[in-house]
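Structural description and commentary
The primary structure of each chain is shown beneath.
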Amino acid sequence: KSPWGTAERQLMAARLKQCVVRRRDGPEQHGVAASCLRELRDKACGVLAIDKAREPITLVLAEDGTIVDDEDYFLCLPPNTKFVALAKDEKWSSKSLDSGTSWLSESVDEVDSAAEKWKQLARQLKDDLSNIILMSEEDLQVLIDVPRSDLAEELAQSETKVQVLQDTLQQVLDRREEERQSRQLLELYLEALKTEDSILSKVAEPEAAPRKEMDVVDTGTSSTDTSATTALSDQVLAALKEKPAPELCLDSQDLELVLKADAAALASALGWDKQKAGALQSACDQELSKRLQQVQTLHSLRSTSKGKKTLPWGDWPSAKRKK
């Protein structure tokens, strides 16, 4: 074999994208290398033995059923992307992934689920960088922990710009933590003032007359009654109950759910009184309003800056993490 033939084959291999294909309800998966969508369709029909009468096939992403019919989008997908080949009149269904003939083991499903989460978050940023403001602290941390090279490939950006992005995400996370600590210090200070005032008032008061015991009236309800329910998940309820300033760690969708929840049901689910639950909803309302206002401000600035439709990656300032 001539050196020219070897170089030519190497160049051809560099242009090929490694993919994994399977049928909608089939457990078998096949590895295929293709340079374009048309070649992938042809090879998928061959390895999956799809009858000519059932062509043309439709290729969709196995993870969420997204139809892949754009050549540029196909080229942006990472290597080893999993496709489902749908013959004529077939439709993608997530139920096939949960059947007893699932083509992935449980452990791989867990890994794919975690990988899918950061990819979904990355796509949100790819659509609109102002979505950073609306994300939860957990989502921000997920994107910060993603290897820079993987995130750069998903966003189709250079690693340098992705580093700026991750530093910006860290800054947002740091600011929320600083705000939480400031609120905790203020609450401790106010609590100390209340305690001091209470001690002083007790010292100044004359000996109080013994109070008569009040008869307790049984209303038929209990403080531990959990019959009232909310639409909030256990994870959100745990964050509301355990984390200081919980409104800072939730994403905007969860904040909206807290606001829509009935005050009595929320108080019952958290084991609080209505006043404390109302104060929590008020804090969530303020946090959500602040985030939406920031997003609107960014959109307004964007619309007046040379007609750009998306916030330029290069316009993000070089971020320095706060110690």
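Everything numeric here is computed off the predicted structure, so don't read it as measured data. (Residues numbered from 1 in each chain as written. Predicted model: local features only at pLDDT ≥ 70, side-chain atom pairs only at ≥ 80, totals over all residues. Heavy atoms only, no water.)

Considerations on the overall build of the protein
Secondary structure assignment for the protein yields twelve helices and four strands. Taking all 323 residues of the protein together, 33% fall into the buried category. Considering only intrachain contacts with a sequence separation of at least 6, the fraction spanning at least 24 residues in the protein is 63%. For the protein, the accessible surface area stands at approximately 20900 Å², while carbon and sulfur atoms represent 52% of it. (Helix = DSSP H or I, 4+ residues; strand = E, 2+ residues; numbered from the N terminus. Buried < 20%, exposed > 50% of the residue type's maximum accessible area, 1.4 Å probe, protein only. Contact = heavy atoms within 4.5 Å. Areas by Shrake-Rupley, 256 points an atom, 1.4 Å probe, with all protein chains shown as cover.)

Digging into the pairing of strand β1 (residues 17–23)
Of all the seven residues making up β1, five are buried; the element is thus mostly covered by neighbouring parts of the structure. Relative to strand β2 (residues 30–34), β1 runs antiparallel, the two being bridged by five bridges. Note on β2: the bridge partner recorded for Lys17 is Ala34. Between β1 and β2, which pair antiparallel one after the other, the connecting turn spans six residues. Where β1 and strand β4 (residues 81–86) come together, five bridges link them in parallel fashion. When the bridges of β4 are listed, Val20 appears paired with Lys82. (Pairing = 2+ DSSP bridges.)

Quick word on the layout of surface pockets
If you add up the space inside the largest pocket, you get close to 650 Å³. Taken together, 25 residues make up the lining of the largest pocket; nearest its centre are Glu187, Ala245, Glu247, Ala279 and Ala283. Within the residue set of the lining of the largest pocket, elements represented by two or more residues are α8 (159–204), α9 (234–242) and α12 (274–304). Partitioned by chemical class, the residues of the lining of the largest pocket number ten nonpolar, three polar and twelve charged. In this structure, the lining of the largest pocket is formed jointly by two domains, domain 2 (113–192) and domain 3 (232–305), each of which donates at least three residues. (1 Å grid on protein atoms, 1.4 Å probe; cavity = no way out; pocket = protein on both sides within 12 Å on 5 of 7 lines; lining within 4 Å. Points joined across faces, edges and corners; volume = space filled by probe spheres on them. Nonpolar A, V, L, I, M, F, W, Y, C, P; charged D, E, K, R; others polar. Domains from an automatic or database assignment.)

Here's the deal with unusual backbone geometry
In this structure, Pro56 follows Glu55 across a cis peptide bond, with omega equal to 5 degrees. Take Pro56: it is sitting in the loop between α2 (37–47) and β3 (58–61). A positive phi angle, near 55 degrees, is found at Ala49, a position not held by glycine. Despite not being glycine, Ala156 has its phi angle at roughly 60 degrees, a positive value. The residue Ala156 is located in the loop between α7 (148–155) and α8 in this model.

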